[in-house]
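Summary of structural features
Single-letter residue listing:
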Amino acid sequence: MPFLIDDINYAQKELNTFRFRTSAINDGSIHERFIFPFLCGSYFTYRKVDVERITSIAKAVSKDPTYLDVGCGYGDFLEKIIQHLPNAEGIEKSADIFFKLGRYKPDYIKIGDAYNGIDKKYDLIFVGWMEPGVDYRDRIAASTDVIITTLDQGLSLAAEFEGHGFEKIASWITPSWEDINTEITNKYYSKISNGTIELLKELRGAHNLWYIYSKPKYKDTIKETLRKSSKKDYNRDVYEHEKILDECGFSYNEVLPSNPDICLWKINFEE
Ligand SMILES: C[S@@+](CC[C@H](N)C(=O)[O-])C[C@H]1O[C@@H](n2cnc3c(N)ncnc32)[C@H](O)[C@@H]1O
């Protein structure tokens, strides 16, 4: 079920209280984006590498790419994409999240329902987080040849597109906001001892899956683009919020002790 405006209002009040009580430790507001993901960040954890992988795919399939973020919320991720793809747009069903909370709505976010509001073809469609009970895969599949989804294991709907004439090309794993929230909350907002925090770190997991789908004609181009992009040094060129990911034990290419098969952000290519 998509959430109600009362839930968002409640979350906003909690955020105000959090800001009031924790101004001394809420590190330059960066903690907020992981504790209040909808209001201050995104439901998936990303680095600059994710933005550049996605935008380089869009540029590989079109000279002047069009891009749509479906269910973009306040557009935290979309803002980063627009720095690389000036034509990028978002579609968001709820007008209330802007107007009832007095938040600015940029022109590049259109209020509309993905079930009937996608009115043209896009070079790439991004589906950041499909809520349980929401499924607009048919509409998306009809409006593009390249789809990128993120899926929070156990929380969001499995947004798979093989049944819609698409092939899965590649995937990678990142932490979800909840993984980071747990680490930050243990470290900064609990009375757990340092020893226990270190012990708990060993158990950390990462639950956000990124899938790249395309029509077969783009398969080789996309694979080649992703291979090229993985040669850049993403330990240096980062967003400000990435320092929290490093600090919490979710570095770029980190192998998690709880699951040595997972190397964060490593691209897995489908055969
Ligand atoms: C869980 S939030 C994710 C928001 C943002 N992508 C993020 O990661 O923070 C899902 C968003 O999808 C929007 N949404 C749900 N159903 C939709 C639909 N049919 N068309 C467009 N947006 C929709 C909701 O209003 C909500 O803002």
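So, how was this worked out
- By convention here, each chain's residues receive numbers from 1 onward along its written sequence.
- In keeping with the model being predicted, local features are shown solely for residues with a pLDDT of at least 70 and side-chain atom pairs are shown and tallied solely at 80 or more, while totals for entire chains, interfaces and linings include all residues.
- Where side-chain values are given, they derive from all heavy atoms of the structure, hydrogens and water being excluded.
- Counting from the N terminus, the helices are DSSP H or I runs at least four residues long and the strands are E runs at least two residues long.
- Contacts: residue pairs with any heavy atoms within 4.5 Å of one another.
- One number per residue, pLDDT, summarises how confident the predictor is, and it ranges from 0 to 100.
- Exposure is judged per residue with a 1.4 Å probe applied to protein chains only, and the accessible area is read against the type maximum: over 50% gives exposed, under 20% gives buried, and values in between give partly exposed.
- For the purposes of these results, a polar contact is taken to be a pair of N or O atoms within 3.5 Å, where, inside protein, one atom must be able to donate a hydrogen and its partner to accept one; residues adjacent in sequence count only when each atom of the pair is a side-chain atom.
- Here, strands pair whenever DSSP counts at least two bridges between them.
- Residues belong to a common nonpolar core when they are buried Ala, Val, Leu, Ile, Met, Phe, Trp, Tyr or Cys residues joined through side-chain atoms within 4.5 Å.
- Looking down the strands as they point away from you, a crossover is right-handed if its path from the first strand over the helix to the second goes clockwise.

**Describing the environment of Glu-271**
- Looking at the element boundaries, Glu-271 is found in the segment after strand S8 (268-269).
- Discounting chain neighbours no more than four positions away, the residues touching Glu-271 are Lys-219 and Lys-223.

**Regarding the confidence of the model for the chain**
- Per-residue pLDDT for the chain has a mean of 90; in total, 94% of the residues score no lower than 70.
- Highest mean pLDDT in the chain belongs to helix H5 (residues 76-82) (98); lowest belongs to helix H9 (residues 194-201) (87).

**Digging into the environment of Thr-150**
- Here Thr-150 shows up in strand S5 (residues 146-152).
- Taking relative accessible area as the criterion, Thr-150 reaches 2% and is therefore assigned buried.
- Between the alpha carbons of Thr-150 and Lys-243 there is a distance of 22 Å; along the sequence they are 93 residues apart.
- Discounting residues that sit within four places of it in the chain, Thr-150 has contacts with Phe-44, Phe-126, Val-127, Gly-128, Trp-129, Asn-208, Leu-209 and Trp-210.
- Within the structure, Thr-150 has its side chain in polar contact with the backbone oxygen of Gly-128 (distance 2.2 Å).

**With respect to the pairing of strand S4 (residues 124-127)**
- Judged by which residues are buried, S4 turns out to be covered on both faces: Leu-124 and Phe-126 on one side and Ile-125 and Val-127 on the other are all buried.
- Sheet topology note: the S4/S5 ladder contains three bridges and is parallel. Looking at the pairing, Ile-125 lines up with Ile-147 of S5.

**Notes on the nonpolar core**
- Ranked by internal contacts, the top residues of the largest apolar core, which has 80 residues, are Tyr-67 and Phe-77.
- What Phe-77 contacts, discounting residues up to four positions off in sequence, is Phe-44, Tyr-46, Val-51, Ile-54, Tyr-67, Asp-69, Phe-126 and Trp-210.

**Points about the pairing of strand S2 (residues 89-92)**
- As paired elements, strand S1 (residues 67-70) and S2 share three bridges and run parallel to each other. Bridged to Val-70 within S2 is Ile-91.
- For the segment spanning S1, H5 and S2, crossover handedness is right-handed.
- In this sheet, strand S3 (residues 109-111) lies alongside S2 in parallel orientation, the contact comprising three bridges. Across the sheet, Ile-91 pairs through a bridge with Lys-110, a residue of S3.

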